[in-house]
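Breakdown of the fold
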Amino acid sequence: MKKPAPLDVDAILDDRGTRIIVCCGAGGVGKTTTAAALGLRAAERGRGAVVLTVDPARRLAQSMGLSELDNTPRLVHTAEGGGQLFAMMLDMKRTFDEIIEAHADPERARQILSNPFYQSLSSSFSGTQEYMAMEKLGQLRRSDEWDLIIVDTPPSRSALDFLDAPERLGRFLDGRFIKLLTAPAKAGGRSAFRLLNAGFGLVAGAMTKLLGAQVLKDLQTFVSALDAVFGGFRQRAEMTYRLLQAPGTAFVVVAAPERDAMREASYFVERLAEERMPLAGLVVNRVHFSPAAGISAARSAAAAEDLESKGEHELTAAVLRLHTGRMQLAAREHREQEHFVSAHPTVPVVQVRAMSEDVHDLAGLHQIGELLASGA
Amino acid sequence: MDSRDTDWDGVRLHVVTGKGGTGKTTVAAALALALAAGGRKVLLVEVEGRQGIAQIFDLPPLPYEERKIAVAPDGGDVYALAIDPEEAMLDYMEMFYGMRRAGRALTRMGIVDFATTVAPGFRDVLVTGKTTEAVRRRAKNGKRVYDAVVLDAPPTGRITRFLNVTQEVAGLAKVGPIKNHSDLVSGVVKSPETAVHFVTLLEEMPVQETLDGLAELRSAGLPPGGIFINMVRESLLPQAVLDSAVKGRFDVGELTLGLKAAGLADGADAAAVAESLVGEVVEHARRTQIERAERASLDQADLPRYELPLLADGVDLAGLYELAASIRNQGAA
């Protein structure tokens, strides 16, 4: 494989101009661990870092001393040089509630918060979590209390969901369907009706049949109440989006050396370029290396077979079989990465070797941080 | 027609879930092949718009249409369907209300955007509704069209919400057509005709998620199936050797002699190569130890377990058939 430029993690962390690092990638590739390890390393290098995570695995959360969703950054560790690591877990419902409370008068806020559709929207996983993660990121950044914010994107169906969520919400809020539902509640709603008249009878009939009258009524109440805070919503989503394009932001794409994860990483890199969002590089987690790489899989297998056929040195033969498997795995992982590197030769890459155990504590995170910085 | 004795006789809907990265789609595909073996007809369904089935079977993206994608050993057929919620809604409206045109109008108005944004419960009902319809569907002769349906479902963290449609929709629609529809879906999903299988690796996080997901599933009254331990590496070394290797003890001298005998290295070089190979052995021993602990944790689940080998060349078509054979040999299909 043509050697990609190494990703210099320390240079990114040491650059005081770096204010936001976004870790993104497919599910199950160690995104949260990478985010936490970057946060700890940043603190060790004198930064004041906060890691914003969404739904971390329990042990990992414990390793950072997080036991509950409380939506407030908690101090995890103060490093020798005075740098600090804070961490928080996103409470998406609370974040959403706060936006409503900030944008609606108390009566309207109460109406919205108690509506069943709002409750479904604010506690559902798809879309809302992504949107609220971005909203929280925007809040933390705008407060200007944080030297460096590291955000771990939600474990979505697609790694791209969090980029699309604000836009999707915006498109939905501006959609004809919403206009149709809010039309009767608005003054001058009649003109809106006329505009949509062609299909309205049909649609209203279908809606009632499909949803039932009560659901339709709840929905209308919800939508017209929410309508009042729409403007604020969109504006915030756009601000956060621009923040992600700003020079102080660095996107770190995280992958594992497997086909799906590498493919997702490729999509992501292309998408970031399209959106003009600043990519720092790719982290490939859980890469297998061999300390005895000098003996190829083929040689190792042949030697094992030779010993087995002679019926001697059983233990050596078994060790060579083990080594053969290891070399085959390494070769396969190499191939999976090769596709990425040839498609994106300019993207800096760092590999982090596979560890036999999951990370449980700060020492483990520290070790991952070292590997991220040294690339092995 | 069932001549084989399997652990899941009578199950028609096999739901396959697992943590991201555990190979859920691969196992679902292999299970579909295994169930189809011997002249049966199986539908493999995907719901997340990832086109994972097409990738695994090396096919162009699948349309919203049941189409034959593979032939199983001894002549069964695997059909596949990638469910698109929008199309599922049109189907639903046509099937139950004969309103395809109104459905199109709703689609143009962005109701699907709406459903994915505001009420994912609605979206899930459409998707599970389409799946259970395939399970219930009967041919003119009264026999079921599919002997089994395999659903490549959302990951473990979302599976209970996804299947527990009645609960999810109840907050939104207490009465009315959606409620009725979700009750119908629920009738299938909670019946003994359904089994929810978990795919895991012998690693800490996937095992923990499996146990958490299972507890959630059980408390929602959904029927658990089996646990598929994926990517199992065979242990090549005797347990006694592994046990001492974990403690850092290994007979380097014997290994050095072996390497010399195999002509891989000689002199001082052989000792150096042996040392580096010991590093590999110790790591392998640690991993094996962790795997043993994770297997023990899985005992809590008290479910049938199946182990699928790690495929040295990655997942390709030949690999899928190998996994399918393994699934059959272990009695899961």
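The following refers to the structure shown. (Residues numbered from 1 in each chain as written. Chains lettered and ligands numbered in written order. Predicted model: local features only at pLDDT ≥ 70, side-chain atom pairs only at ≥ 80, totals over all residues. Heavy atoms only, no water.)

Now for the overall build of chain B. Each helix and strand in chain B was counted, giving 14 helices and 8 strands. Evaluated residue by residue, chain B yields a buried proportion of 58% over its 333 residues. Sequence-distant contacts, at least 24 apart, represent 71% of the contacts inside chain B between residues at least 6 apart. Here chain B displays about 13000 Å² of accessible surface, and carbon together with sulfur accounts for 50% of that area. (Helix = DSSP H or I, 4+ residues; strand = E, 2+ residues; numbered from the N terminus. Buried < 20%, exposed > 50% of the residue type's maximum accessible area, 1.4 Å probe, protein only. Contact = heavy atoms within 4.5 Å. Areas by Shrake-Rupley, 256 points an atom, 1.4 Å probe, with all protein chains shown as cover.)

The subject of this paragraph is the sheet that holds strand β6 (residues 249-255) of chain A. Residues and elements named next belong to chain A. Taken in spatial order, the 8 strands make up an open sheet running β3-β4-β2-β5-β1-β6-β7-β8, and their pairing is mixed. Pairing within the sheet leaves two strands with one partner each, and these edge strands are β3 (74-78) and β8 (349-353). Adjacent strand axes in the sheet meet at a mean angle of 20 degrees, parallel and antiparallel pairs treated alike. Judged from the 4 bridges that link them, strand β1 (residues 20-24) and strand β5 (residues 148-152) form a sheet pairing that is parallel. Its bridge partner being in β5, Val-22 is matched across the sheet by Val-151. (Pairing = 2+ DSSP bridges. Axes fitted to C-alpha atoms, helices over the stretch in contact; angles between N-to-C directions.)

Residue and element names in this part refer to chain B. Positive phi outside glycine occurs at Asp-74, with the angle close to 60 degrees. Along the chain, the position of Asp-74 falls in the loop between β3 (67-71) and β4 (77-82). Positive phi, normally seen in glycine, also occurs at Asp-302, with a value near 55 degrees. Along the chain, Asp-302 falls in the loop between α13 (267-299) and β8 (305-309).

A word on the pattern of salt bridges. Note that side chains of opposite charge can pair when their charged atoms are close. Under the defined criterion, the tally for this structure stands at 36 salt bridges over all chains. We note a salt bridge from Arg-326 of chain A to Glu-283 of chain B, for which the minimum N-O separation is 3.2 Å. Highlighted residues: Arg-326 of chain A in helix α15 (residues 314-343) and Glu-283 of chain B in helix α13, drawn from two different chains. Among the salt bridges present, the one from Glu-133 of chain B reaches Lys-130 of chain B, with a minimum N-O distance of 3.5 Å. Of this pair, Glu-133 of chain B and Lys-130 of chain B both sit in helix α6 (residues 120-136), 3 residues apart, which is roughly one turn of that helix. Exposure class is identical for Glu-133 of chain B and Lys-130 of chain B. Each is buried. Bridged by salt links that share partners, the residues Asp-10, Asp-14, Arg-41, Arg-45 and Glu-370 of chain A form one connected network. (Salt bridge = Lys/Arg side-chain N within 4 Å of Asp/Glu carboxyl O.)

Attention now moves to the sheet that holds β4 of chain B. Residues and elements named next belong to chain B. The strand order across the open sheet formed by 8 strands is β3-β4-β2-β5-β1-β6-β7-β8, and the pairing between neighbours is mixed. Edge positions in the open sheet fall to β3 and β8, since each of these has one partner strand only. Averaged over neighbouring strand pairs, the angle between their axes works out to 25 degrees when direction is ignored. Across 6 bridges, the pairing between strand β1 (residues 13-18) and strand β6 (residues 194-200) is parallel. Residue pairing across strands places Val-15 opposite Val-196, the latter belonging to β6. Relative to the sheet, helix α14 (residues 317-329) contacts β3, β7 (224-232) and β8, its axis offset from that of β8 by approximately 155 degrees.

Below, the discussion takes up the packing of helix α10 (residues 204-219) of chain B against α13 of chain B. All names here are of chain B. Closest axis-to-axis distance for the α10/α13 pair is 10 Å, and the angle between their directions is 0 degrees. It follows that α10 is roughly parallel to α13 by the angle criterion. Contact residues: α10 offers Glu-204, Val-207, Thr-210 and Leu-211, while α13 offers Glu-294, Ser-297 and Leu-298. In the contact of α10 with α13, the residues fall into 3 nonpolar, 2 polar and 2 charged. (Parallel < 35°, antiparallel > 145°, perpendicular 65-115°, else oblique. Nonpolar A, V, L, I, M, F, W, Y, C, P; charged D, E, K, R; others polar.)

Once that is clear, we can look at the packing of helix α12 (residues 252-261) of chain B against α13 of chain B. All names here are of chain B. Two elements in contact, α12 and α13, have axes whose closest approach is 9 Å; the angle formed by their N-to-C orientations is 120 degrees. Classed by the angle they form, the pair α12 and α13 counts as oblique. α13 is crossed by α12, and the crossing has right-handed handedness. Of α13, the residues touching α12 (which contributes Val-252, Leu-255, Thr-256, Leu-259 and Lys-260) are Gly-267, Ala-270, Ala-271, Val-273, Ala-274, Glu-275, Leu-277 and Val-278. When the residues that make up the contact of α12 with α13 are grouped by side-chain class, the tally is 9 nonpolar, 2 polar and 2 charged. (Left-handed = near helix turned anticlockwise from the far one by under 90°.)

This paragraph deals with the pairing of β1 of chain A. All names here are of chain A. Counted residue by residue, β1 has 5 buried out of 5 residues, so it is predominantly covered. Alternating residues of β1 divide into Ile-20, Val-22 and Cys-24 and Ile-21 and Cys-23, and every residue in both groups is buried. As paired strands, β1 and β6 are joined by 5 bridges and run parallel to one another. Of the residues in β6, the one forming a bridge with Cys-23 is Val-252.

Another point: the pairing of β5 of chain A. Residue and element names in this part refer to chain A. Counting buried positions over the 5 residues of β5 gives 5, a clear majority of the element. Residues Leu-148, Ile-150 and Asp-152 of β5 are buried on one face, and the alternating residues Ile-149 and Val-151, pointing to the opposite face, are buried as well. The pairing of strand β2 (residues 48-53) with β5 spans 4 bridges and is classified as parallel. What sits directly across from Leu-52, in β5, is Val-151.

This brings us to the packing of aromatic side chains. What the rule picks out here adds up to 4 aromatic pairs over all chains. Aromatic side chains Phe-86 of chain A and Trp-146 of chain A sit 5.0 Å apart centroid to centroid with 70 degrees between the ring planes, which places their arrangement in the edge-to-face category. In this pair, Phe-86 of chain A sits in strand β4 (residues 84-89) while Trp-146 of chain A sits in the loop between α7 (128-143) and β5, placing the two residues 60 residues apart along the sequence. Accessibility expressed as a relative area gives 17% for Phe-86 of chain A, which makes it buried. Here Tyr-79 of chain B and Tyr-146 of chain B contribute two aromatic rings whose centre-to-centre distance is 6.1 Å and whose plane-to-plane angle is 70 degrees, an arrangement assigned as edge-to-face. You can see Tyr-79 of chain B sitting in strand β4 and its partner Tyr-146 of chain B sitting in the loop between α6 and β5 (148-152), a full 67 residues away along the chain. Tyr-146 of chain B carries the same exposure label as Tyr-79 of chain B, and that label is buried. Between the NZ or CZ atom of Lys-41 of chain B and the centre of the ring of Tyr-79 of chain B, over which it lies, the distance is 4.8 Å. (Phe/Tyr/Trp six-rings, centres within 6.5 Å; stacked < 30°, edge-to-face > 60°. Lys NZ or Arg CZ within 6 Å of the ring centre and 35° of its normal.)

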